[in-house]
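Reading the structure
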Amino acid sequence: MRWYLLTLIVCGVCILISSQYASLHQDLWWDSHVYIAQGKYLFSAGEIGFWEVFRPPLWSIILGGIWKLGVQPVHIIPHLTITLHTIAVALMCYLGILQKKPYVGALAGLYM
């Protein structure tokens, strides 16, 4: 049971650090704008945005769906990335618990 407490602590640290980083109000990188444009392209039947063939479509579909709901993806991206990052850290900690080495999983989660 104490390993789950360790996982919660690691995820809490992850959320704290990610929230501090997201609060810096940085501009989005080129990739983020491209995925938003691809999502708009998918959900507007090609009228808005553009498509790059070599990019995987899953993130574009998520951002395009958010755009189709009427929310600007630029405002949601920091929250989505914090959520997905926390899930990845929790899975890393869980893998450490499954391998009977929870400290290794916690260290790997903190390293992420």
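Let me begin by describing the structure that accompanies this report.

So, how was this worked out
Residues numbered from 1 in each chain as written. Predicted model: local features only at pLDDT ≥ 70, side-chain atom pairs only at ≥ 80, totals over all residues. Heavy atoms only, no water. Core = buried A, V, L, I, M, F, W, Y, C linked by side-chain atoms within 4.5 Å. Buried < 20%, exposed > 50% of the residue type's maximum accessible area, 1.4 Å probe, protein only. Helix = DSSP H or I, 4+ residues; strand = E, 2+ residues; numbered from the N terminus. 1 Å grid on protein atoms, 1.4 Å probe; cavity = no way out; pocket = protein on both sides within 12 Å on 5 of 7 lines; lining within 4 Å. Points joined across faces, edges and corners; volume = space filled by probe spheres on them. Nonpolar A, V, L, I, M, F, W, Y, C, P; charged D, E, K, R; others polar. Axes fitted to C-alpha atoms, helices over the stretch in contact; angles between N-to-C directions. Parallel < 35°, antiparallel > 145°, perpendicular 65-115°, else oblique. Left-handed = near helix turned anticlockwise from the far one by under 90°. Contact = heavy atoms within 4.5 Å.

This part covers the nonpolar core. Within the largest apolar cluster, six residues are counted, these being V10, C11, C14, V89, C93 and A106. Secondary structure elements with two or more residues in this core: helix 1 (2–22) and helix 4 (73–98). Per-element accounting of this core gives the leading share, three residues, to helix 1.

Under the definition given, this model contains one cavity of 30 Å³ or more. Of the pockets and cavities examined, the largest cavity occupies roughly 30 Å³. What lines the largest cavity is simply W3, L6, T7, C93, I97, P102 and A106. Only helix 1, helix 4 and helix 5 (102–111) provide two or more residues apiece to the lining of the largest cavity. Looking at the lining of the largest cavity element by element, the count peaks at three residues for helix 1. When its residues are assigned to classes, the lining of the largest cavity shows six nonpolar, one polar and no charged.

This next bit is on the packing of helix 4 against helix 5. Packing of helix 4 against helix 5 leaves a shortest axis separation of 6 Å and a crossing angle of 160°. The orientation of helix 4 relative to helix 5 falls into the category roughly antiparallel. The two elements helix 4 and helix 5 cross, and the hand of that crossing is right-handed. Listed contacts from helix 5 to V89, M92, C93, G96 and I97 of helix 4 are P102, G105, A106, A108 and G109. Here the contact of helix 4 with helix 5 is built from residues that sort into seven nonpolar, three polar and no charged.

With that settled, consider the packing of helix 1 against helix 5. Packing of helix 1 against helix 5 leaves a shortest axis separation of 10 Å and a crossing angle of 5°. As summarised for this structure, helix 1 and helix 5 are arranged roughly parallel, according to the angle between their axes. Where helix 1 approaches helix 5, its residues W3, L6, V10 and V13 are matched on the opposing element by P102, Y103, A106, G109 and L110. Residue classes in the contact of helix 1 with helix 5 are distributed as eight nonpolar, one polar and no charged.

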